[in-house]
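Structural description and commentary
Chain residues, written in single-letter form:
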Amino acid sequence: MGAKAIVLAAGQGTRMRSAKPKMLHDILGRPLVGWVVGAVAAAGVDQCVVVVGHHADDVTAALPDGTLTALQAEQLGTGHAARTGLAALDVSGDDTVLVLPGDHPLIRPETLQRLLAAHTGSGAAATLLTVTAADPRGYGRILRDGDRVTGIVEEADADDAQRAITEVGISFYAFSGVLLGPALDALGNDNAQGEYYLTDVIGELVAAGHRVGAVAADPEDGIGVNSQSQLAEAAALLRRRINLHWMDQGVWMADPSRVSIGPDVTLEPDVRLHPDVHLEGTVTVAADAEIGPSVYARDSGIGAGARVWYSVLRDADIGAAAEVGPFVSLRPGAVLLERAKAGTFVEIKASVVGAGSKVPHLSYVGDADIGAGANIGAGTIVANYDGYRKHRTVIGEGVKVGANTTLVAPVSLGDEAWTGAGTVVTGDVNSGALAVGRAATREIPGYAARRRARAKRDET
Amino acid sequence: MGAKAIVLAAGQGTRMRSAKPKMLHDILGRPLVGWVVGAVAAAGVDQCVVVVGHHADDVTAALPDGTLTALQAEQLGTGHAARTGLAALDVSGDDTVLVLPGDHPLIRPETLQRLLAAHTGSGAAATLLTVTAADPRGYGRILRDGDRVTGIVEEADADDAQRAITEVGISFYAFSGVLLGPALDALGNDNAQGEYYLTDVIGELVAAGHRVGAVAADPEDGIGVNSQSQLAEAAALLRRRINLHWMDQGVWMADPSRVSIGPDVTLEPDVRLHPDVHLEGTVTVAADAEIGPSVYARDSGIGAGARVWYSVLRDADIGAAAEVGPFVSLRPGAVLLERAKAGTFVEIKASVVGAGSKVPHLSYVGDADIGAGANIGAGTIVANYDGYRKHRTVIGEGVKVGANTTLVAPVSLGDEAWTGAGTVVTGDVNSGALAVGRAATREIPGYAARRRARAKRDET
Amino acid sequence: MGAKAIVLAAGQGTRMRSAKPKMLHDILGRPLVGWVVGAVAAAGVDQCVVVVGHHADDVTAALPDGTLTALQAEQLGTGHAARTGLAALDVSGDDTVLVLPGDHPLIRPETLQRLLAAHTGSGAAATLLTVTAADPRGYGRILRDGDRVTGIVEEADADDAQRAITEVGISFYAFSGVLLGPALDALGNDNAQGEYYLTDVIGELVAAGHRVGAVAADPEDGIGVNSQSQLAEAAALLRRRINLHWMDQGVWMADPSRVSIGPDVTLEPDVRLHPDVHLEGTVTVAADAEIGPSVYARDSGIGAGARVWYSVLRDADIGAAAEVGPFVSLRPGAVLLERAKAGTFVEIKASVVGAGSKVPHLSYVGDADIGAGANIGAGTIVANYDGYRKHRTVIGEGVKVGANTTLVAPVSLGDEAWTGAGTVVTGDVNSGALAVGRAATREIPGYAARRRARAKRDET
């Protein structure tokens, strides 16, 4: 009584007008087919195979690790694709096999569960998902005798009465495992395209006296993607769906139409999201953090009560009550401990900024470990790259780095050390000491007048 | 014949799923209840009390200074809340008392004025705001006998005919001051919740033979906020309303759906607003200023013809024809006089930049006074913080600060003074003089070859 | 059998509440009237005159070079304006003359071509564009006898039956060239405004027994702009139309509602556009380039596979696979060759960055030529401005500039040269040599303790 699934993802999708296969086009950082595979997994299906064809290697590489795939070497139609997929599954007699299109990213796990529940024990050989379409043109109309489906008639073959039917199939099926294989084997390809059509299985099963059922889905479940603009519309609906979910969990959004949250993001209640926030990949945000306007964060963690705005974070971690921005770039390995601050025009990578430490202005910190309570002066550069290799810098607790300091790694500043403004530090500095290196300043009187005269002379 | 108002703001709003009371959730920088209090004030009401309960201190603190509040210590229903509020008002016999929900931020002052006008002199004991709802479910239906209201029947108590009524109450009332108190005192709490309901007052008044009237409002006036998504929808409508207002005043917007203007902002005609502009708090923008894309400005002034883009301003003032951005942060006390320029990657705080002076690139200017016509070289840092205290820097008119200069405050540069590139200035510089401090540069031939060899050796 | 056109653009547009004439208000970087003139040109019209009046010089200056204009010195109505325009055209007997309003930016070239095609050879004296309006109020209703137009009746003059007509005129006309002049000359101004109305020509022609035809247009073609909010709505429709066009060409957009593409932009398939991208003026983007979030690019070229985000580009060129951002400003004359990189907080102007060269962090590069494979250290300033003039800097191939270096132009670094961190380079550096200038650093022990003691003393 298990559930298996076959996701059909072999097509190129020429209407996308892209060199990339349709299945790999991106919605919220996840490829199109990944949304379907994700819904199948969330529905609790035991085993899922993705049938790949065009750009099979690229599509396979984009699937979650461990996803089973089957190669449809020739594009001989959806029936042939389903047969290819079925061969890769371990199906026992009383299993249900879902067959799904890989380009319908809005399918909900709950809908698949309803389809499985309706099919299981119903005695039906197959159960379809159908929707009532405001405009059914182009879809196969569902023919019924009461609650039994008696056929699907394609637009081209429909008479006027059939064309008026608004219940249409959306290419999601549950099949009795024991019947699907023989039915697929029996399919013919005697049609204009010379292809094996999965829809023909329904007619076959009905003709053989089997019962076929149907479950109504929300029209949103049935939205397929065939063009760039349909992809964008699907993305808009997914963003909206995700945002409504998080608002229901107590997340505040100033303008949800301008917030983009990926499927692997976790937000706590009372997170505040301003416009133009993009959370991609695995991002977690703790309660009371305030993010945006204008933040891109990928694969990052943001602690409780932290404040991030006008900044870009990649593989970064920000502690509780930390402050980031405006205008900060945190690159992989940037870790700000609690109450740390990365201010304005600051870039940090592969570095730890200690609790309560501040990097307020115009600094680059790379490959450094900064202790608690330090202050890094404006214009400080941690010169981690010697032209060939990167080296680490260690800055102790309570260190005060002066403005426009250059720290030439590897170098170590002891706790409570100071550096003078404009100093180039090339050796270690002891705890509590001041390192200062600066040429004596001389004053040259009357310089402005001479320069002005010279400029005048140059003009003539 | 005065008008008083009671704003009911005691609830927690559990459907917000927030630790913060609903009344304090933010729309355009103003808490939810602040929109209602603002509408009451704009409608010309003489005295207004806000009934607070959950998080009473926080709600009180968020109200405009001087707002009268009354504490409803126990949550015993809207009738009890109104009574609590009434006790705090000075109501004379012929006053009208408005009772309003604190969570309906879209109420317009004009609508309240219409309600007051309709009530006053009508002889009615009470007058309700009602709207015709496309979907009346969940609202109390208005029962009428001609233009007299004969009752409000709640959804649960309504028969089929009553449920078909689309005129519903939206919890805004005008009451005869002399009748409200006794009516509230007479309320019972014999219902499922054991609460005192303000709506029951209407039934009481009708039963006692009093006349109750109704005034139709725009459905937008009646939108209440009970969840985060409703808050976001209300915010969208308020943004739209405000933006239409300013466009009607001659403000150009490339895309009003991406412009966010707070209620205390003032714009002159021919202001140009590009997308992703946020104007919060008290902001004034003079004619022909062009703002955005991507600007956040709070409590700031922007002069005529100024240009600001990709920047963040807090408590800053920008003179006429000044230029700011892209990528500038102006912090509290930053003042740019006319034609001054803060260019790219520039942060300024608590400083005056003189007329026509330029801070074009990669500079931090803190606690400085810069005269007119100065030029601050790229990479200049005004080191205002000595590790313990901040000090001021004075830069005269026409000063030319060289690239990568560090000015260690307190320091003063006379008019027309120059500094050499890379100089650390720790003492005052006289007018017209050049301050220069820089180590002699030596050239070490063949360095690249030796470094390459060493790098190769290190690899092996 | 040629086609000529008269664009009426003389009005001020007082409902815009702007000091600027309506015709010059901006949509996607092009003035309102420019959209109409552009559609006329794209429709293949032989000669076009724009009738200017209010702010005639400003409007003329904003038109494409070489556009013919005619000055309507007095505002005597649309009929007078058309006569003024006609006088400036070379019209022969069998020409068709289009007359169009300058404030209808959504008119499509295809619609004008359909109008011309329908008129030519139809034997009609005039042919109108009409639309079926959901709400016809305010528009002139089209009276018909079969496919012949028998008149246009203005709202004010219409009886109830006429008001129910939903086919309305949208002020676009094709006239027989030989008949237009006499018809305009015959117009009277015996009406409330004392103006000559172009619509009256239709009545005249019908009365004289001429045939008048009509062509149905999409309602979008007929949208005129009379207020700032209508301008914003028209801009939204144009953005949408342009974005759909590019998506049909294979461009990926995460959220087309937040992408703004001007009419002179060219995109190749598989360009990826994230939100908050503004492409203005003449911009070309090659295949597989990924742009955004948050990019403004004007008059710039972006090569295949390049990556640009959180950046501003003006008159810049970026080669294939180049990387820009986050937080970069490329100003006029910035050229990045293939695989070059401008990283974080970098400003470049009038400079070439060689193939594969990197300017990763916190640098200003002005008036410099950088060879291939160079690395510019963080905090580097090319000090191109000596206070009076700008000078060029030359940086050879494979040069490694150390952190916080200042290059005082004019200066030249030979191939493979190095500079030490913090060096101020004022003279040329030979190939392969290291230039280093830096004061010796001394260490002052116990400094932190003394400073702390002093700070404590100062407090008391």
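See the structure printed just above.
No experiment lies behind these values; they were computed from the predicted model shown. (Residues numbered from 1 in each chain as written. Chains lettered and ligands numbered in written order. Predicted model: local features only at pLDDT ≥ 70, side-chain atom pairs only at ≥ 80, totals over all residues. Heavy atoms only, no water.)

**Details of the relation of the copies chain A and chain B**
Put simply, the two copies of the chain differ by a rotation about an axis and a shift along that axis. The two copies are related by a screw motion: chain A maps onto chain B through a turn of 120° and a shift of 0.1 Å along the axis, at an RMSD of 0.1 Å. Taken together, the rotation and translation relating the two chain copies correspond to the operation of a three-fold axis. Using C-alpha coordinates, one finds that chain A approaches the rotation axis most closely at Ala-439 of chain A, a distance of 3.2 Å. (Least-squares fit on C-alpha atoms with pLDDT ≥ 70 in both.)

**Observations concerning helix H9 (residues 447-459) of chain C**
All names here are of chain C. Taking 1.5 Å as the rise per residue, H9 with 13 residues should run 18 Å; its terminal C-alpha atoms sit 18 Å apart, in good agreement. Restricting attention to buried positions, one finds in H9 the residues Tyr-447, Ala-448, Arg-451 and Ala-455. The buried residues of H9 occupy an angular sector of 95° when projected down its axis, which confines them to one face. Within H9, the exposed residues directed more than 90 degrees away from the buried face are Lys-456 and Arg-457. (Helix = DSSP H or I, 4+ residues; strand = E, 2+ residues; numbered from the N terminus. Expected span 1.5 Å × (residues − 1). Buried < 20%, exposed > 50% of the residue type's maximum accessible area, 1.4 Å probe, protein only. Arc of directions from axis to C-beta.)

**A closer look at the sheet that holds strand S20 (residues 301-302) of chain B**
All names here are of chain B. Spatially, nine strands are ordered S14-S17-S20-S23-S26-S28-S30-S33-S36 in an open sheet, and the strand pairing comes out parallel. Taken across any chain shown, the strands that pair with only one partner, and hence form the sheet edges, are strand S14 (265-267) and strand S36 (411-413). Here strand S23 (residues 317-318) runs beside strand S26 (residues 334-336); their pairing, made up of two bridges, is parallel. Paired with Asp-317 across the strands is Val-335, a residue of S26. (Pairing = 2+ DSSP bridges.)

**A short note on the interface of chain C and chain A**
Opposite the 52 residues of chain C that make contact, chain A presents 67 residues. Here chain C packs against chain A, burying approximately 4300 Å² in sum over the two surfaces, 59% of which is carbon and sulfur. Three residues, Trp-252, Tyr-388 and Glu-443 of chain C, lead the burial of chain C against chain A; their summed loss comes to 13% of the area buried on that side. Note that Asp-255 of chain C and Arg-239 of chain A form a salt bridge whose closest N and O atoms lie 3.3 Å from each other. Those elements that place two or more of their residues in the side of chain C that touches chain A are helix H8 (228-248), strand S12 (252-253), strand S27 (341-349), strand S29 (358-366), strand S40 (442-444) and H9 of chain C. Here the side of chain C that touches chain A takes four residues from H9 of chain C, the largest share from any one element. In terms of residue class, the side of chain C that touches chain A is made up of 28 nonpolar, 10 polar and 14 charged. Where strand S39 (residues 434-436) of chain A meets S40 of chain C, three bridges bridge the pair, whose relative direction is antiparallel. If you follow Val-436 of chain A over to S40 of chain C, its bridge partner there is Arg-442 of chain C. (Contact = heavy atoms within 4.5 Å. Buried area = accessible area lost by both parts, 1.4 Å probe. Salt bridge = Lys/Arg side-chain N within 4 Å of Asp/Glu carboxyl O. Nonpolar A, V, L, I, M, F, W, Y, C, P; charged D, E, K, R; others polar.)

**Some points on empty space enclosed by the protein**
Regions of empty space are outlined by a rolling probe, equal in size to a water molecule, passed over the atoms. One pass over the full model with this rule turns up seven cavities of 30 Å³ or more. Looking at the largest cavity, its volume works out to about 310 Å³. Contributing to the lining of the largest cavity are 23 residues, with Gly-422 and Val-424 of chain A, Gly-422 of chain B together with Gly-422 and Val-424 of chain C lying nearest its centre. Its residues placed into classes, the lining of the largest cavity shows six nonpolar, 14 polar and three charged. (1 Å grid on protein atoms, 1.4 Å probe; cavity = no way out; pocket = protein on both sides within 12 Å on 5 of 7 lines; lining within 4 Å. Points joined across faces, edges and corners; volume = space filled by probe spheres on them.)

**Some details on the side chain of Asp-270 of chain A**
Mapped onto the elements of the fold, Asp-270 of chain A is located in the loop between strand S14 (265-267) and strand S15 (272-273). Of the polar contacts made by the side chain of Asp-270 of chain A, one reaches the side chain of Ser-18 of chain B; its length is 2.5 Å. Asp-270 of chain A has contacts with Gly-250, Val-251, Ala-287, Asp-288 and Ala-289 of chain A together with Ser-18, Ala-19, Lys-20 and His-25 of chain B, leaving out every residue within four places of it along the chain. (Polar contact = N/O pair within 3.5 Å; in protein donor to acceptor, adjacent residues only side chain to side chain.)

**Observations concerning the pattern of salt bridges**
According to the stated counting rule, one finds 70 salt bridges over all chains in the structure shown. Its salt-bridge partner being Glu-220 of chain B, residue Arg-108 of chain B comes within 3.5 Å of it at the nearest N-O pair. Of the two residues, Arg-108 of chain B sits in the loop between strand S6 (96-101) and helix H4 (109-119) while Glu-220 of chain B sits in the loop between strand S11 (212-216) and helix H8 (228-248), which places them 112 residues apart along the sequence. The partner of Asp-367 of chain C in a salt bridge is Arg-392 of chain C, with the nearest N and O atoms 4.0 Å apart. Highlighted residues: Asp-367 of chain C in the loop between S29 and strand S30 (368-370) and Arg-392 of chain C in the loop between strand S32 (381-383) and strand S33 (393-395), separated in sequence by 25 residues. Taking the relative accessible area as the measure of exposure, Asp-367 of chain C reaches 9% and is therefore buried. Relative accessible area serves as the criterion here: at 39%, Arg-392 of chain C is assigned to the partly exposed category. Each member of the salt-bridge network shares a partner with another, and the members are Arg-258 and Asp-276 of chain A, Arg-258 and Asp-276 of chain B together with Arg-258 and Asp-276 of chain C.

**Observations concerning the packing of aromatic side chains**
Residues and elements named next belong to chain C. For the structure shown, the criterion picks out 27 aromatic pairs over all chains. Look at Tyr-173 and Phe-175: their rings are 5.5 Å apart centre to centre, the planes differ by 15°, and that puts the pair in the stacked class. Of the residues examined, Tyr-173 reaches a relative accessible area of 5% and is grouped as buried. Here the aromatic rings of Phe-327 and Phe-345 are separated by 5.5 Å at their centres, their planes lie at 10°, and the arrangement is stacked. You can see Phe-327 sitting in the loop between strand S24 (323-324) and strand S25 (328-330) and its partner Phe-345 sitting in strand S27, a full 18 residues away along the chain. (Phe/Tyr/Trp six-rings, centres within 6.5 Å; stacked < 30°, edge-to-face > 60°.)

**Comments concerning the interface of chain A and chain B**
Across the boundary between the two partners, chain A contributes 52 residues, which contact 66 residues of chain B. Buried surface at the junction of chain A and chain B, summed over both partners, amounts to about 4300 Å²; 59% is from carbon and sulfur atoms. Interface area lost by chain A to chain B is led by Trp-252, Tyr-388 and Glu-443 of chain A, which between them contribute 13%. Across the contact surface, chain A and chain B share five salt bridges. Taken together, the connections running from chain A to chain B amount to 20 residue pairs in polar contact (both at pLDDT 80 or more).

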